[in-house]
Structures are given as structure tokens and as C-alpha cells.
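Commentary on secondary and tertiary structure
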Amino acid sequence: MTHILQVELDLNNPVEELTQVITSVLSSHPQNQKEILTALDLEIGNALATVEIKEQKENSEAIE
């Protein structure tokens, strides 16, 4: 037996769509919500840091 959530996302509304997916996953794992959210927080933080580094690099290159 496998537990699979198949999802179609409207990429025109990414925040709303991803929020619905996260909510669905969390409702399937009520005992692990904190761990799931903590892991997502880490991944999102890493992605934001990467974007910020890229933006800083682009801004410094534009100034030169």
C-alpha cells in the first residue's frame, strides 16, 4: 500500500496552490506537523538566501 497525493498546480497562483498542498500533507500527518514545517522552513530559508546572494551579486555587478 502506498500513500500518494497527485497534484496539479496552477502556476499562475503558486502561493495559493502550494499552500493547499502543504495543508493537505499536514492534515495527513498531524503527529509530524512541527517536523514537516521545520524542514520546510529550512528549505525555504536556504532558497531565500540563494536568491538574496544572487540579487546582491547582480546589483554589485550593475554598479561596477
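Structure: above.
Throughout what follows, the structure given in this document is the object of discussion.

About the criteria used
- Residues numbered from 1 in each chain as written.
- Predicted model: local features only at pLDDT ≥ 70, side-chain atom pairs only at ≥ 80, totals over all residues.
- Heavy atoms only, no water.
- 1 Å grid on protein atoms, 1.4 Å probe; cavity = no way out; pocket = protein on both sides within 12 Å on 5 of 7 lines; lining within 4 Å.
- Points joined across faces, edges and corners; volume = space filled by probe spheres on them.
- Nonpolar A, V, L, I, M, F, W, Y, C, P; charged D, E, K, R; others polar.
- Helix = DSSP H or I, 4+ residues; strand = E, 2+ residues; numbered from the N terminus.
- Buried < 20%, exposed > 50% of the residue type's maximum accessible area, 1.4 Å probe, protein only.
- Lys, Arg positive; Asp, Glu negative; His and termini not counted.
- Salt bridge = Lys/Arg side-chain N within 4 Å of Asp/Glu carboxyl O.
- Axes fitted to C-alpha atoms, helices over the stretch in contact; angles between N-to-C directions.
- Left-handed = near helix turned anticlockwise from the far one by under 90°.
- Contact = heavy atoms within 4.5 Å.
- Patch = residues over 30% accessible without salt bridge, like charges linked within 9 Å, V, L, I, M, F, W, Y side chains within 5 Å.
- Areas by Shrake-Rupley, 256 points an atom, 1.4 Å probe, with all protein chains shown as cover.

Here we look at the layout of surface pockets
In this structure, the largest pocket encloses a volume near 150 Å³. Taken together, His3, Ile4, Leu5, Ser24, Val25, Ser28 and His29 make up the lining of the largest pocket. Its residues assigned to classes, the lining of the largest pocket shows three nonpolar, four polar and no charged.

Remarks on the environment of Leu18
Note that Leu18 resides in helix α1 (residues 14-28). Judged by relative accessible area, Leu18 falls into the partly exposed class, the value being 45%. A sequence separation of eleven residues divides Leu18 from Val7, and the C-alpha atoms of the two residues are 9.9 Å apart.

A look at the side chain of Glu17
With respect to the helices and strands, Glu17 occurs in helix α1. Despite its burial, Glu17 pairs with no opposite charge; the closest candidate is Lys54, at 24 Å N-O.

As for the packing of α1 against helix α2 (residues 33-63)
Contact geometry of α1 with α2 gives a least axis separation of 9 Å together with a crossing angle of 145°. Once α1 is placed against α2, the crossing between them reads as right-handed. In this structure, α1 contributes Ile22, Val25, Leu26 and Ser27 to the contact, and α2 contributes Gln33, Ile36, Leu37 and Leu40.

Comments concerning a nonpolar patch on the surface
On the surface, Leu5, Val7, Leu9, Leu11, Leu18, Ile22, Val25 and Leu37 cluster together to form a nonpolar patch covering roughly 680 Å² of accessible area. Here the nonpolar patch takes three residues from α1, the largest share from any one element. As for its placement among the helices and strands, Leu11 is situated in the segment before α1. Given the relative accessible area of 71%, Leu11 is considered exposed.

A short note on the environment of Asp41
Residue placement: Asp41 occurs in helix α2. Asp41 sits 31 residues away from Asp10 along the chain, and the two C-alpha atoms are 23 Å apart.

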